[in-house]
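Chain and residue survey
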Amino acid sequence: MQLKSSSFGHQQRIPDEFAFGVADAAKHLRLGANRNPHLAWNGVPQGTRSLVLLCVDSDVPTRPDDVNKEGRVVPASLPRADFYHWLMVDIPPSVHEIAAGSCSDGIVPRGKSSPAGPPGARQGINDYTGWFAGNPEMAGNYFGYDGPFPPWNDSLVHHYVFTLYAVALPRLPLEGVFTGQQVRAVLAGRVLAEATFSGTYTLNQRLLAE
């Protein structure tokens, strides 16, 4: 099975149009267009009853002490954790492509309640749900895709890995609101094949200049 994108090259920088936040020389960052990238796949194995799509940034700082603070830097040595940007389950195996901007086209304060997607597919809440939990203007359930927004002072370039799973079930055993961790838990032992595609992103002006 192969996963690809015409929106950006494999392990190349993700274009700003697919990001939640973009670099700004005057004020470090500003909000982006937040469009989902194009994805296409082939080689789905026989016996596949549904597909699952995850997008994860595994370079997220585990402590907020230095994040986006003037005169400070998020050190590369800081332990990192996963941050789920997109989770879609129960994608029909007849679907072979998701068009750019078809599932997300802009930032929705408090989150998208019913994001668009392939007929029959379900989308869980991404980790902006927890990130914005204490913000009265942005708090809510963030369903579907929301793009990169790494700290502007992070020493690391972040890597965003899109993974497509072929599953032998027509519907994953998940009900109601579900998270990326829950998706991964129920996928255990049920995956027939998987394919990955990744891109990088940073808001650090020093890294952008290199």
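See the structure above.
All figures in this text were calculated on a predicted structure; none of them were measured in a lab.

1. Points about the nonpolar core
Leu3, Trp41, Leu53, Trp86 and Phe162 are the most contacted members of the largest nonpolar core, which totals 27 residues. Taken together, the elements giving at least two residues each to this core come down to strand 5 (39-42), strand 6 (50-61), strand 7 (80-91), strand 10 (158-167) and strand 11 (191-201). With four residues, the single largest contributor to this core is strand 10. Within the second largest apolar cluster, 14 residues are counted, among which are Tyr84, Leu87, Val89 and Val186.

2. A closer look at the pairing of strand 6
In terms of burial, strand 6 is a largely internal element, 11 of the 12 residues being buried. Bridge count between strand 6 and strand 10: eight bridges; the pairing is antiparallel. Residue Ser50 lies in a different strand from strand 10, and its bridge partner there is Val167. The pairing of strand 6 with strand 7 spans eight bridges and is antiparallel. Residue pairing for strand 7: Val56 is matched across the bridge by Tyr84.

3. Quick look at the sheet that holds strand 1 (residues 2-4)
Spatial strand order, 1-5-8: three strands in an open sheet with antiparallel pairing. A single partner strand is all that each edge strand has here, and the edge strands are strand 1 and strand 8 (97-98).

4. Observations regarding the side chain of Ser5
Looking at where Ser5 falls in the secondary structure, it is placed in the loop between strand 1 and strand 2 (12-13). The class of Ser5 is buried, set by a relative accessible area of 13%. There is a polar contact of 3.0 Å between the side chain of Ser5 and the backbone nitrogen of Ser7. Dropping the residues within four chain positions of it, Ser5 is found in contact with Pro37, His38, Leu39 and Phe197.

Thresholds applied
Residues numbered from 1 in each chain as written. Predicted model: local features only at pLDDT ≥ 70, side-chain atom pairs only at ≥ 80, totals over all residues. Heavy atoms only, no water. Core = buried A, V, L, I, M, F, W, Y, C linked by side-chain atoms within 4.5 Å. Buried < 20%, exposed > 50% of the residue type's maximum accessible area, 1.4 Å probe, protein only. Helix = DSSP H or I, 4+ residues; strand = E, 2+ residues; numbered from the N terminus. Pairing = 2+ DSSP bridges. Polar contact = N/O pair within 3.5 Å; in protein donor to acceptor, adjacent residues only side chain to side chain. Contact = heavy atoms within 4.5 Å.

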